[in-house]
Number of protein chains: 2
Amino acid sequence: MNIFIIGTGNVAWSLIPALKESGHNIVGVYGRTAQNVTKIAENFRIAPVFELSKITPYADAYFILTADSGIMPMASALKTQKIVIHTSGTTDINVLKRYFKNCGVIYPIQTFSKSVKVDLKNTPLLVEYSDEITAQKILYIAHSLSQDVREMTSAQRRCLHLSAVFACNFTNHIIATSKMLMNENEVDFSLLEPLIKETIRKALTNDPVLCQSGPAVRRDTGILNLHLEMLNSHPTLKKIYSFVSDSIVEFSEKYKNGLDNIEQSNFQ
Amino acid sequence: MNIFIIGTGNVAWSLIPALKESGHNIVGVYGRTAQNVTKIAENFRIAPVFELSKITPYADAYFILTADSGIMPMASALKTQKIVIHTSGTTDINVLKRYFKNCGVIYPIQTFSKSVKVDLKNTPLLVEYSDEITAQKILYIAHSLSQDVREMTSAQRRCLHLSAVFACNFTNHIIATSKMLMNENEVDFSLLEPLIKETIRKALTNDPVLCQSGPAVRRDTGILNLHLEMLNSHPTLKKIYSFVSDSIVEFSEKYKNGLDNIEQSNFQ
């Protein structure tokens, strides 16, 4: 298919090569910042478009790959009768429906960066569409990109996005926090790597509520108070420690029946 | 060596077979609850000891594998001239020094459970000891259990334990949270698995502060407010969302100079 790309961020940098490898033809790329348009156009040898009015109305599909806040302004300005697609986890399909008869969403559950090549073939793509005729084309594009294509409503996708912020963004930050505390005390962070890997392996192969370990789930107030005191010079981390510990206790009480066989960790 | 075990919890269940496989002789196991002593003694075919006064004073080494709060009471009651070892991340070696001339710590950085066999050979062991003569014996035991033995002071070990609570216990809970939110909305949790694995891979091979992604580090207040609203029925999770987001912003400001090449995720 002939595809036009709007946006020059990390998603565009990952999606353009994936679309090209799947045999699609990228007919042009538009963005607000001329420098970024030139850079991405030269890199992938596609036609740069510097003015909104110069976007061809004759592509088969348009991908809007801006930040969420940019999707509605872009949709209201874009003139085309063809299919318009966004890739956002949170923005509703109705934002596109207001302006386009044929539209849809292809949301890749993945974290993108310019420097790291993403394996899109194994990335789940969540798909939504305005109507059955559009469905065929959107599913055709999605299946050309990934082996794992699923249909999902905007409401479910929004929930998945919130869950992904916890599972991905927050998990990364918690690891960053841990590394900072280790560095402050001149302890080698790599000592924690086997534990982190085992934690993730366990959490993904068991029910993470049932394999929760540590002082909070054991109600070990001596250790909890000592840890809070150790965090006195990091007030935000102290709040995180306190509320995550509260939440661990809440979860364990909620799922009490299943907790007879709760596992404990050694670090007490 | 002839080793006596005090405690019948998850650490005992993991350490006893590892000690036996390393060629040590377990001369007995003591615990406060007769039922637990019988169970572990029968399972590993070792002698059960039901009374404190019946603990032999002639073993080469004694492992106190109780919860932290149980270490001092046990140390004050145990009568022996031989080496006494605890395996806690947080309890200071001085708690043992008060009662024993020859003592030490062997802290495995790992999460233990009865049901899952732990690969102790690849688990870092943090070792501390009262004196150079004891050192030889403690290091001998530690090296027989693991390829990765390191010496560390009680203060550093305490810091590592706090960091491990973040990296292991909190990470597990964040994943549990994410799964609960998915279940509530009837979305298949396995959809997030590739993302979680990629997040951990990235965080351990790069600086996690530099590869932080998501709405908080982008200061995307529209999404942040929407997510907080979606968490209205989960007040503790709402606080966690809010403070972790604050902390992500604080970290990114602190490390601003390194953040020119910050990576962004697709879920905006």
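A. Inspection of the overall build of chain A at higher detail. Counting its secondary structure elements, chain A contains 9 helices and 8 strands. A compact globule built from 268 residues should have a C-alpha radius of gyration of about 18 Å, whereas chain A, at 23 Å, is more than 25% larger. Each of the three principal axes of chain A carries a C-alpha extent, and together these read 70 × 40 × 30 Å. Each of the 268 residues in chain A was classed as buried or not, and the buried ones make up 58%. Taking all contacts inside chain A whose residues are at least 6 apart in sequence as the whole, residues at least 24 apart take part in 53%. As presented, chain A carries roughly 11,100 Å² of accessible surface, and 49% of it is formed by carbon and sulfur atoms. The centroid of the 27 positive side-chain charges in chain A is displaced by 8 Å from the centroid of its 25 negative side-chain charges.

B. How the structure looks around the sheet that holds strand S3 (residues 48–49) of chain A. All names here are of chain A. The 8 strands lie next to each other as S3-S2-S1-S4-S5-S6-S7-S8, forming an open sheet whose pairing is mixed. Looking at the sheet topology across the chains shown, the edges are occupied by S3 and strand S8 (149–151). Direction of pairing for strand S6 (residues 103–108) relative to strand S7 (residues 125–129): antiparallel, over a ladder of 5 bridges. Bridge pairing in S7 links Gly104 to Tyr129. In the packing of helix H3 (residues 68–77) onto the sheet, the strands contacted are strand S1 (2–6), strand S2 (25–30), strand S4 (61–64) and strand S5 (83–86), and the crossing angle to S4 comes to about 145°.

C. Quick peek at the packing of aromatic side chains. Counting across every chain of the model gives 13 aromatic pairs over all chains. Geometrically, the ring pair formed by Phe4 of chain B and Tyr62 of chain B is tilted, given 6.0 Å between the ring centres and 40° between the ring planes. Here Tyr62 of chain B lies in strand S4 (residues 61–64) and Phe4 of chain B lies in strand S1 (residues 2–6), a separation of 58 residues in the sequence. Among the residues examined, Phe4 of chain B registers a relative accessible area of 1% and is labelled buried. Judged by its relative accessible area of 0%, Tyr62 of chain B falls in the buried class. Members of the aromatic cluster, joined through ring pairs, are Phe166 and Phe170 of chain A together with Tyr241 of chain B.

D. Structural view of the sheet that holds strand S6 (residues 103–108) of chain B. Residues and elements named next belong to chain B. Strand order in this open sheet of 8 strands is S3-S2-S1-S4-S5-S6-S7-S8, and the pairing throughout is mixed. Bordering the open sheet on either side are strand S3 (48–49) and strand S8 (149–151), each of which pairs with just one other strand. In the sheet, strand S2 (residues 25–30) pairs with S3 via 2 bridges, with the strands oriented parallel. Across the sheet, Val29 pairs through a bridge with Pro48, a residue of S3. Of the strands in this sheet, S1, S2, S4 and strand S5 (83–86) are in contact with helix H3 (residues 68–77), which crosses S4 at around 145°.

E. Broad picture of the confidence of the model for chain A. Residues and elements named next belong to chain A. Of the residues in chain A, 94% reach a pLDDT of 70 or more, and the chain-wide mean stands at 92. Scored below 50 in pLDDT, residues 258–268 shows 53 contacts in the model against residues more than four places distant or in partner chains. With pTM at 0.85, the complex prediction returns an ipTM value of 0.86.

F. Spotlight on the environment of Pro17 of chain B. Summarising the element assignment, Pro17 of chain B is placed in helix H1 (residues 10–21). For Pro17 of chain B and Lys117 of chain B, which are 100 residues apart along the polypeptide, the C-alpha to C-alpha distance reads 9.5 Å.

G. Main features of the environment of Leu65 of chain A. Residues and elements named next belong to chain A. Looking at the secondary structure, you find Leu65 in the loop between S4 and H3. Considering only alpha carbons, one finds Leu65 and Ala12, 53 residues apart in sequence, at a separation of 6.3 Å. The residues contacting Leu65, other than those within four sequence positions of it, are Ile5, Ile6, Gly7, Val11, Ala12, Leu15 and Thr87.

H. Quick peek at the relation of the copies chain A and chain B. For these two chains of identical sequence, chain A goes onto chain B by a turn of 179° and a shift of 0.0 Å along the axis, with RMSD 0.1 Å. Such a combination of turn and shift is consistent with a two-fold rotation axis. Using C-alpha coordinates, one finds that chain A approaches the rotation axis most closely at Thr171 of chain A, a distance of 2.8 Å.

I. Quick peek at the pattern of salt bridges. Counted by the stated rule, this structure contains 16 salt bridges over all chains. In this structure, Lys54 of chain A engages Glu51 of chain A in a salt bridge whose closest nitrogen and oxygen atoms are separated by 3.7 Å. The class for Lys54 of chain A is exposed, based on a relative accessible area of 56%. Residue Asp188 of chain B pairs with Arg150 of chain A through a salt bridge whose shortest N-O separation is 3.2 Å. Of this pair, Asp188 of chain B sits in the loop between helix H6 (154–184) and helix H7 (193–205) while Arg150 of chain A sits in strand S8, which puts the two residues in different chains. Judged by its relative accessible area of 38%, Asp188 of chain B is partly exposed. On the accessibility criterion, Arg150 of chain A (27% relative accessible area) is partly exposed. Linked by salt bridges that have partners in common, Asp148 and Arg150 of chain A together with Asp188 of chain B make up one network.

J. Representation of the nonpolar core in the model. Among the nonpolar cores identified, the biggest contains 78 residues, and Ile55, Leu160 and Leu192 of chain A together with Ile55, Leu160 and Leu192 of chain B are the most heavily contacted of them. Discounting chain neighbours no more than four positions away, the residues touching Leu192 of chain A are Ser178 and Met182 of chain A together with Ile109, Leu160, Ser163, Ala164 and Ala167 of chain B.

K. How the structure looks around the interface of chain A and chain B. Opposite the 100 residues of chain A that make contact, chain B presents 101 residues. There are 2 salt bridges connecting chain A and chain B. One can count 20 residue pairs in polar contact (both at pLDDT 80 or more) joining chain A with chain B. For the side of chain A that touches chain B, the secondary-structure elements that each account for two or more residues are helix H1 (10–21), S6, helix H6 (154–184), helix H7 (193–205), helix H8 (221–230) and helix H9 (235–254) of chain A. A total of 26 residues in the side of chain A that touches chain B trace back to one element, the largest contributor, which is H6 of chain A. Of the residues that constitute the side of chain A that touches chain B, the class distribution is 52 nonpolar, 32 polar and 16 charged.

Definitions and cut-offs
Residues numbered from 1 in each chain as written. Chains lettered and ligands numbered in written order. Predicted model: local features only at pLDDT ≥ 70, side-chain atom pairs only at ≥ 80, totals over all residues. Heavy atoms only, no water. Helix = DSSP H or I, 4+ residues; strand = E, 2+ residues; numbered from the N terminus. Rg over C-alpha atoms; globule rule 2.2 N^0.38 Å. Buried < 20%, exposed > 50% of the residue type's maximum accessible area, 1.4 Å probe, protein only. Contact = heavy atoms within 4.5 Å. Areas by Shrake-Rupley, 256 points an atom, 1.4 Å probe, with all protein chains shown as cover. Lys, Arg positive; Asp, Glu negative; His and termini not counted. Charge placed at Lys NZ, Arg CZ, Asp CG, Glu CD. Pairing = 2+ DSSP bridges. Axes fitted to C-alpha atoms, helices over the stretch in contact; angles between N-to-C directions. Phe/Tyr/Trp six-rings, centres within 6.5 Å; stacked < 30°, edge-to-face > 60°. pLDDT = per-residue confidence, 0-100. Least-squares fit on C-alpha atoms with pLDDT ≥ 70 in both. Salt bridge = Lys/Arg side-chain N within 4 Å of Asp/Glu carboxyl O. Core = buried A, V, L, I, M, F, W, Y, C linked by side-chain atoms within 4.5 Å. Polar contact = N/O pair within 3.5 Å; in protein donor to acceptor, adjacent residues only side chain to side chain. Nonpolar A, V, L, I, M, F, W, Y, C, P; charged D, E, K, R; others polar.

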